[in-house]
Amino acid sequence: MTTAIAPTIEQLHAEYAMQPQSITVRVDCPAKTNLTLAVGPTHAEWGGRHALDTIYCAVGVYDTVTATAKAPGTGFSLELEGAHLGDLASSSSDMRRNHAVLALFAMAEAAGREPDVALTITKRIPVGAGLGGGSADAAAAMLAIDRLWNLNWPIAKLRTIAATLGADMPFCLTGGLARGTGFGEQIEDIDPTDPLALELSSQGFAGEVIIGAYQSQLSTPEVYHTFDAMGAGAADRNHLQAAAISLHPRSGKAITAALEAGASQAFVSGSGPSVVAFAPTEAAAQHIIDSWVLQDAADRIIRAKAPATPVICVTQ
Ligand SMILES: C[C@@](CO)(OP(=O)(O)O)[C@H](O)COP(=O)(O)OP(=O)(O)OC[C@H]1O[C@@H](n2ccc(N)nc2=O)[C@H](O)[C@@H]1O
Ligand SMILES: Nc1ncnc2c1ncn2[C@@H]1O[C@H](COP(=O)(O)OP(=O)(O)O)[C@@H](O)[C@H]1O
């Protein structure tokens, strides 16, 4: 006969200490824009992608990604929330193709682990907008999983994995201000005291950022194809700007309106259609917003600070 003996409080404490602690890692990852974007020739070894020389700048509109461990063998889950989900809200959107989930799979493969992780994404970055929202979510997922699994991998290793997923993703891991070369994946961080950062600031890439966003999205490959056919505008520091405006003329209208209202710089963000305007003063910011509203030049207006960086927070 066996007699069940209730564990002592010390035994319970010892058992609890042996259990893996269930933590949630939350990462707020900012959007990106390109202060300059020079597009060169395509390269077969990069899957037909173009050579780039760009200055990335992370902009303080944040998506939030959380990661929590699931029971072994149960696989991943993904929950998406937010008022502006774009094509992610469509019933045909496959969550296994979501950039954050692809990042989870890539981390699991590199770590030799199963992807038993519950992910949630709260989207605030407009989707398909040239603001790198999918890349931000992938980068956030990588940073969260690195912490959840106690990997503590160096950023260079995370960047190498991110580069297998997309051109913008290595930058989004760290944000701030950086030069991107190769197909956009080779990152050199730019310190705020670097002469290049000061030069950009003196050229008007300073002050508050006002983003004009749209209900409609642009496809990045389509914008690059249009650029291949028509080239860049003569004075454009974003070589994709003319292509994006040809596909989405309201972006051009928003740039003109912002410059007339006192923006020190206004341009299409990456492949568009969003427009980013730098406002040197509070009065200029208000003029830009009023002008966009009056002229119906944007569907959604967001104010933000730049450069921004990802924020990681761990809770038990
Ligand atoms: C244009 C930029 C500017 O930062 O971003 P968005 O403004 O769209 O966010 C980037 O070059 C996009 O980055 P990302 O969206 O991560 O690109 P990827 O997933 O690697 O590639 C998507 C597609 O864009 C085109 N592409 C991308 C990068 C590159 N250097 N040359 C290209 O031609 C290719 O058609 C490719 O199939
Ligand atoms: N987590 C995600 N957030 C945004 N878009 C995503 C995500 N995962 C996949 N996508 C897809 O990536 C495409 C590009 O979206 P996004 O990264 O926001 O734009 P862009 O490449 O213009 O910066 C969209 O059509 C969207 O369906």
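Given the structure is predicted, the values throughout are model-derived calculations rather than measurements. (Residues numbered from 1 in each chain as written. Chains lettered and ligands numbered in written order. Predicted model: local features only at pLDDT ≥ 70, side-chain atom pairs only at ≥ 80, totals over all residues. Heavy atoms only, no water.)

Attention now moves to the site of ligand 1. By nearness alone, 19 residues border ligand 1, and Arg49, His50, Asp168, Tyr224 and Ser271 come closest of all. For ligand 1, an oxygen atom lies 2.9 Å from a polar atom in the side chain of Lys32. Here an oxygen atom of ligand 1 and a side-chain polar atom of Ser271 are 2.6 Å apart. Across the complex, the protein chains shield 83% of the 700 Å² of accessible surface that ligand 1 would expose by itself. Of all the elements in the fold, those that place two or more residues in the shell around ligand 1 are strand 1 (24–43), strand 2 (49–69) and helix 7 (220–230). The element best represented in the shell around ligand 1 is strand 2, accounting for four residues. When residues of the shell around ligand 1 are assigned to domains, at least three fall in each of domain 1 (24–191 + 308–315) and domain 2 (204–304). (Near = heavy atom within 4 Å. Polar contact = N/O pair within 3.5 Å; in protein donor to acceptor, adjacent residues only side chain to side chain. Areas by Shrake-Rupley, 256 points an atom, 1.4 Å probe, with all protein chains shown as cover. Helix = DSSP H or I, 4+ residues; strand = E, 2+ residues; numbered from the N terminus. Domains from an automatic or database assignment.)

The next point concerns the side chain of Asp63. By the secondary structure assignment, Asp63 is in strand 2. A polar side-chain atom of Asp63 sits 2.4 Å from a polar atom in the side chain of Lys123. Filtering out sequence-adjacent residues up to four positions away, Asp63 remains in contact with Val27, Asp28, Cys29, Thr122, Lys123, Arg124, Ile125, Gly133 and Asp137. (Contact = heavy atoms within 4.5 Å.)

Tallied over the full model, the rule gives six aromatic pairs. Taken together, Phe205, Phe267 and Phe278 form an aromatic cluster joined through their ring pairs. Of note, Lys157 hangs over the ring of Trp153, and the distance from its end group to the ring centre comes to 4.1 Å. (Phe/Tyr/Trp six-rings, centres within 6.5 Å; stacked < 30°, edge-to-face > 60°. Lys NZ or Arg CZ within 6 Å of the ring centre and 35° of its normal.)

The subject of this paragraph is the domain arrangement of the protein. By domain assignment, the protein separates into domain 1 (24–191 + 308–315) and domain 2 (204–304). Relative to domain 2, the C-alpha centre of domain 1 lies at a distance of 23 Å. Considering only the surface of domain 1 that becomes buried against domain 2, Leu35, Leu37 and Val39 emerge as the three largest contributors, covering 25% of it. At the junction of domain 1 and domain 2, the tally comes to zero salt bridges. Seen at the junction of domain 1 and domain 2, the total is eleven residue pairs in polar contact (both at pLDDT 80 or more). Looking at the side of domain 1 that touches domain 2, the elements that each hand over two or more residues are strand 1 and strand 2. When residues in the side of domain 1 that touches domain 2 are grouped by element, the largest group, eight residues, is from strand 1. (Buried area = accessible area lost by both parts, 1.4 Å probe. Salt bridge = Lys/Arg side-chain N within 4 Å of Asp/Glu carboxyl O.)

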